[in-house]
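# Chain and residue survey
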Amino acid sequence: MANLGRGPDRPGVDDPGRGRRIGIDVGSVRIGIASSDPDGVLATPVETVPRSKIKGPDAPDVVRVAEIVAEYEAVEIVIGLPRTLRGERGSAVDAAEKFGRSLHRRLGDVPIRMADERLTTVSASRALRDSGVRAKNQRSVIDQAAAVAILQGWLDERRAVSTRGAADRAVSDDAVSGHAGTNSGSTEVDE
């Protein structure tokens, strides 16, 4: 598991490439799960898993999430890191990291990232309320919507990093080949 206790991870050099990602919002009562498409463009809700009182890699909630990861053939897992607005740690951060460690022990080889998720549950709750979903029916859907927000934020940042990296490489390649700012090809124009 990357970066436990040091703050949120960022998409970058160790990106596993194309494939589905799973986003996870670890709550004290429920775990929201989201998945991306294989190209990493869009996050969608998957399921809400009840939290188990049992802890560790054999806990029912960890087992169910591991089944979802296997079912979706995920190449990466992104768990929300619920820091305070000032970026401080709290008991929710500890719970998310413990869940991440248990999931890592269960899965082994799928990279698990911890992503900043400040205000995702609040934003998800507000969006659902504004769209007319009744409070009584919101609870399990809020967790999925928060997982979608966590994962979509990761995917958007991943795409931005990838785009910046490609642009930087193109500029570097042009500079090395001596073609910076010149048009080395010919253009034919039909008249």
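See the structure above.
Residues numbered from 1 in each chain as written. Predicted model: local features only at pLDDT ≥ 70, side-chain atom pairs only at ≥ 80, totals over all residues. Heavy atoms only, no water.

The subject of this paragraph is the side chain of Glu76. Residue position: Glu76 is located in strand E4 (residues 76–81). Residue Glu76 is classed as buried on the basis of its relative accessible area of 1%. Within the structure, Glu76 has its side chain in polar contact with the side chain of Arg21 (distance 2.9 Å). In this structure Glu76 touches Pro16, Arg20, Arg21, Ile22, Val110, Pro111, Arg113 and Trp154, once residues within four positions along its chain are discounted. (Helix = DSSP H or I, 4+ residues; strand = E, 2+ residues; numbered from the N terminus. Buried < 20%, exposed > 50% of the residue type's maximum accessible area, 1.4 Å probe, protein only. Polar contact = N/O pair within 3.5 Å; in protein donor to acceptor, adjacent residues only side chain to side chain. Contact = heavy atoms within 4.5 Å.)

In this structure, Ile24, Ile33, Val65, Ile77, Ile79, Phe99 and Leu103 are the most contacted members of the largest nonpolar core, which totals 23 residues. Counting residues per element, the ones that place at least two in this core are strand E1 (21–26), strand E2 (30–36), helix H1 (60–71), E4, helix H2 (91–107) and strand E5 (112–116). With five residues, the top contributor of residues to this core is H1. Once residues within four sequence positions are removed from consideration, Ile24 is found in contact with Ile31, Gly32, Ile33, Val65, Ile77, Val78, Ile79, Gly80, Phe99, Leu103, Ala147 and Ile150. (Core = buried A, V, L, I, M, F, W, Y, C linked by side-chain atoms within 4.5 Å.)

On to the environment of Ala115, then. Looking at where Ala115 falls in the secondary structure, it is placed in strand E5. A residue is classified by how much of its surface remains accessible, and Ala115, at 6% relative accessible area, is buried. Measuring from C-alpha to C-alpha, the distance between Ala115 and Gly153 comes to 8.7 Å, with 38 residues separating the pair along the chain.

Taken together, the side chains of Lys53, Lys55, Lys98, Arg101 and Arg105 make up a positively charged region of the molecular surface. With respect to the secondary-structure elements, Lys98 resides in helix H2. The exposure class assigned to Lys98 is exposed, which follows from its relative accessible area of 52%. (Patch = residues over 30% accessible without salt bridge, like charges linked within 9 Å, V, L, I, M, F, W, Y side chains within 5 Å. Areas by Shrake-Rupley, 256 points an atom, 1.4 Å probe, with all protein chains shown as cover. Salt bridge = Lys/Arg side-chain N within 4 Å of Asp/Glu carboxyl O. Lys, Arg positive; Asp, Glu negative; His and termini not counted. Charge placed at Lys NZ, Arg CZ, Asp CG, Glu CD.)

It is worth spelling out the side chain of Arg21 at this point. With respect to the helices, strands and loops of the structure, Arg21 is situated in strand E1. Judged by its relative accessible area of 0%, Arg21 is buried. One polar contact links Arg21 to Asp15, side chain to side chain, over a distance of 3.4 Å. When near neighbours in sequence (up to four residues on either side) are disregarded, Arg21 contacts Asp15, Pro16, Ala34, Ser35, Ser36, Val75, Glu76, Leu151, Leu155 and Arg158.

A few words on the sheet that holds E1. Reading across the sheet, the five strands line up as E3-E2-E1-E4-E5 and stay open at both edges, with mixed pairing between neighbours. The sheet is open, and its two borders are formed by strand E3 (43–50) and E5, each paired with just one other strand. Along the sheet, successive strands turn relative to each other by an average axial angle of 25 degrees, direction set aside. Where E2 meets E3, seven bridges bridge the pair, whose relative direction is antiparallel. (Pairing = 2+ DSSP bridges. Axes fitted to C-alpha atoms, helices over the stretch in contact; angles between N-to-C directions.)

Everything listed here is a matter of geometry and, on its own, says nothing about what the molecule does.
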